[in-house]
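Observations on chain architecture
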Amino acid sequence: MKEQPLDLFADRTSCHRWWSNQFRLLLSSLAYILLETIRRLVLQGTELAQAYVSTLRALS
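Anyway, here's the lowdown on the structure attached to this text. Predicted model, so just to flag it, every value in this text is computed and none were measured.

1. So, the overall build of the protein
Scanning the protein from terminus to terminus reveals three helices and zero strands. Relative to all contacts within the protein whose residues are 6 or more apart in sequence, the contacts with residues 24 or more apart total 38%. Of the roughly 4,900 Å² of accessible surface on the protein, a fraction of 61% belongs to carbon and sulfur atoms.

2. Digging into helix α2 (residues 18-42)
The end-to-end C-alpha separation of α2 is 35 Å, in line with the 36 Å expected for 25 residues at 1.5 Å each. Among all positions of α2, only N21, S28, Y32, L35 and R39 are buried.

3. What to know about the side chain of R39
Along the chain, R39 falls in helix α2. Within polar-contact distance, the side chain of R39 engages the backbone oxygen of A51 at 2.3 Å.

4. Re the nonpolar core
Y32, L35, L43, A51, V53 and L56 together form the largest nonpolar core, which totals six residues. For this core, the secondary-structure elements that each account for two or more residues are α2 and α3 (53-59).

5. Looking at the environment of Q50
Residue placement: Q50 occurs in the loop between α2 and α3. Overall, the relative accessible area of 73% leaves Q50 in the exposed class. In the structure, Q50 is positioned eleven residues away from R39 in sequence and 7.3 Å away in space, judged by C-alpha atoms.

Conventions we followed
Residues numbered from 1 in each chain as written. Predicted model: local features only at pLDDT ≥ 70, side-chain atom pairs only at ≥ 80, totals over all residues. Heavy atoms only, no water. Helix = DSSP H or I, 4+ residues; strand = E, 2+ residues; numbered from the N terminus. Contact = heavy atoms within 4.5 Å. Areas by Shrake-Rupley, 256 points an atom, 1.4 Å probe, with all protein chains shown as cover. Expected span 1.5 Å × (residues − 1). Buried < 20%, exposed > 50% of the residue type's maximum accessible area, 1.4 Å probe, protein only. Polar contact = N/O pair within 3.5 Å; in protein donor to acceptor, adjacent residues only side chain to side chain. Core = buried A, V, L, I, M, F, W, Y, C linked by side-chain atoms within 4.5 Å.

Next up, the structure:
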């Protein structure tokens, strides 16, 4: 669970407006779900199936 705040910038809530911070967290959560789905379905059976989000981001 540490991957989302560390690798997908979910800890950045520096804007003064609540909606802006909420939208940033929503995008981060969607990115995490997308990468988890890719790991589970597309990368199944490969060495990248257990890779960290930061590793997958570096490869793209």
